[in-house]
Amino acid sequence: MRRSFGAGTVLVLSLGLAACTTSAPEPPAPTSPVVQLGAPGEPNETLSPEEAAELGSPKHVEADSEFMLDMIQHHDQAIEMTGFVDENTDDRDIRLLAERMRVSQEDELKSMTRWLQDRFIPVNEAGAGHGHDGDAMPGMLTDDELAALEAATDAEFDRLFLESMIRHHQGALQMVGELYAAGGGNESEIDQFARHVESDQGVEIARMQQMLAERTR
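Computed from a predicted model, the values in this text were never measured in an experiment.

Calculation notes
- All residue numbers here refer to positions counted from 1 along the written sequence of the relevant chain.
- Where totals are concerned, whole chains, interfaces and linings use all residues; where local detail is concerned, this predicted model gives features only for residues with pLDDT of at least 70, and gives and counts side-chain atom pairs only at 80 or more.
- The side-chain quantities take in all heavy atoms of the structure and omit both hydrogens and water.
- Under the DSSP-based scheme used, a helix requires at least four consecutive residues in state H or I and a strand at least two consecutive residues in state E, with every element numbered from the N terminus.
- Note on classification: 1.4 Å probe, protein chains only; a residue is buried when its accessible area is under 20% of the maximum for its type, exposed when over 50%, partly exposed between these limits.
- Axes here mean lines fitted to C-alpha atoms, for a helix over just the part in contact, with angles spanning 0 to 180 degrees between N-to-C directions.
- Handedness of a crossing follows from how the near helix is turned relative to the far one, being left-handed for an anticlockwise turn of less than a right angle and right-handed for a clockwise one.
- The contact definition used throughout considers only heavy atoms, calling two residues in contact when any of these lie within 4.5 Å.
- Under the convention adopted here, Pro, Cys and the residues Ala, Val, Leu, Ile, Met, Phe, Trp and Tyr are nonpolar, Asp, Glu, Lys and Arg are charged, and Gly plus all remaining residues are polar.
- What counts as a ring pair is set by centres within 6.5 Å for rings of Phe, Tyr and Trp (its six-membered ring), and what kind of pair is set by the plane angle: stacked under 30 degrees, edge-to-face over 60, tilted for all other angles.
- Here the angle decides the label: under 35 degrees means roughly parallel, over 145 means roughly antiparallel, 65 to 115 means roughly perpendicular, and every other value means oblique.
- Patches in this entry comprise residues that are over 30% relatively accessible and not in a salt bridge; like charges within 9 Å are linked, as are nonpolar side chains (Val, Leu, Ile, Met, Phe, Trp, Tyr) within 5 Å.
- Only the protein chains shown count as cover for residues, with accessible areas throughout obtained via the Shrake-Rupley method and a probe of 1.4 Å.
- By definition here, a salt bridge exists when the distance from a side-chain nitrogen of Lys or Arg to a carboxyl oxygen of Asp or Glu is within 4 Å.
- For the charge count, each Lys or Arg is scored as positive and each Asp or Glu as negative, with His and the chain ends excluded.
- For charged residues, the charge sits on one atom: NZ in Lys, CZ in Arg, CG in Asp, CD in Glu.

Peer 1: In this structure, what is going on with unusual backbone geometry? I would like to understand it.
Peer 2: A negative phi angle characterises most non-glycine residues, just as the trans form characterises most peptide bonds. Here Phe 120, not a glycine, exhibits a phi torsion of approximately 60°, which is positive. Mapped onto the elements, Phe 120 comes out in the loop between helix H5 (92-118) and helix H6 (143-151). Exposure remark for Phe 120: the relative accessible area of 76% places this residue in the exposed category. Residues other than glycine seldom take positive phi values, yet Asp 154 does so here, at roughly 55°. Relative to the helices and strands, Asp 154 resides in helix H7 (residues 154-181). The partly exposed category is assigned to Asp 154, whose relative accessible area is 47%.

Listed below in structure tokens is the structure:
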């Protein structure tokens, strides 16, 4: 009885060890096509499983960091513009619009700053309202235009604010287009951010154009 029990124990242990050392089967390779999102205004592209496997995870490039640094300055000016609203107009709709813009762009500023810090890019490299080629960024107001907006009141302020902010938002959309044209926007996080800016500010442009039309009849 003792000998039989010992042999059985050895057999069980041997089977157990064999089971533990057997390598797990590798997961099957994807067999379905993968859809890669195109840049704004461009069609999506369907990739074969082999092409998708070769893509890997795109990294950020210089165009991405320049976009974020410039967009921080762009957002800073938009927030400055919304700061004139409470003292310069009693228009409830414009006040609500400006508050929504301020909250949204302050949140985006935090996201941009975090993105740069996570990649060890100094945030203080952001220019004073100018692109890296020395030209003013799209949609940015000059100092004189900013002063004129701050000095305007009531209906004149409402018109000037909407016109200026529409132009400012259109400039942001242009910057998104330039990001992709320069080969940026491939990293997942910055692609999502740029698409959010394009979508959110596109909606606001349409709303401001409607408001402007209502106030200039």
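Peer 1: How should I be thinking about the packing of H6 against H7 in this particular structure?
Peer 2: Packed helix pairs are specified by the crossing angle of their axes together with the interaxial distance, meaning the distance between the axes. Viewed as axis vectors pointing N to C, H6 and H7 meet at an angle of 145°, and their least axial separation amounts to 9 Å. Judged by the twist between their axes, the crossing of H6 over H7 is left-handed. Contact with H6, carried on its side by Glu 145, Ala 148 and Leu 149, involves Phe 157, Leu 160, Phe 161 and Arg 167 of H7 and no other residues of that element. Residue classes in the contact of H6 with H7 are distributed as five nonpolar, no polar and two charged.

Peer 1: Could you clarify how one ought to interpret the packing of aromatic side chains in this entry?
Peer 2: Aromatic ring pairs are defined here through the distance separating the ring centres and the angle between the ring planes. Using the criterion set out here, one finds one aromatic pair in the structure. Judged by centre distance (5.7 Å) and plane angle (20°), the rings of Phe 157 and Phe 161 are stacked. Of this pair, Phe 157 and Phe 161 both sit in helix H7, four residues apart, which is roughly one turn of that helix. Look at Phe 157 and you get buried, because its relative accessible area is 0%.

Peer 1: Looking at this structure, how should I read the packing of helix H3 (residues 62-82) against H5?
Peer 2: Packing of H3 against H5 brings their axes to within 9 Å, and their N-to-C directions diverge by 155°. The pairing of H3 with H5 is recorded here as roughly antiparallel in orientation. Crossing hand, H3 versus H5: left-handed. Here Asp 64, Ser 65, Met 68, Leu 69, Met 71, Ile 72, His 75, Asp 76, Ala 78, Ile 79 and Thr 82 of H3 lie close against H5, whose contacting residues are Ala 98, Met 101, Arg 102, Gln 105, Glu 106, Glu 108, Leu 109, Met 112, Thr 113, Trp 115 and Leu 116.

Peer 1: Mind showing me how you'd approach a negative patch on the surface here?
Peer 2: Judged by side-chain charge, Asp 76, Glu 80, Glu 87, Asp 143, Asp 144 and Glu 150 come together as a negatively charged surface patch. Contributions of two or more residues to the negative patch are made by H3 and H6. Here the element with the most residues in the negative patch is H6; it accounts for three residues. Along the polypeptide, Asp 76 turns up in helix H3.

No statement about biological role is implied by the geometric values presented.
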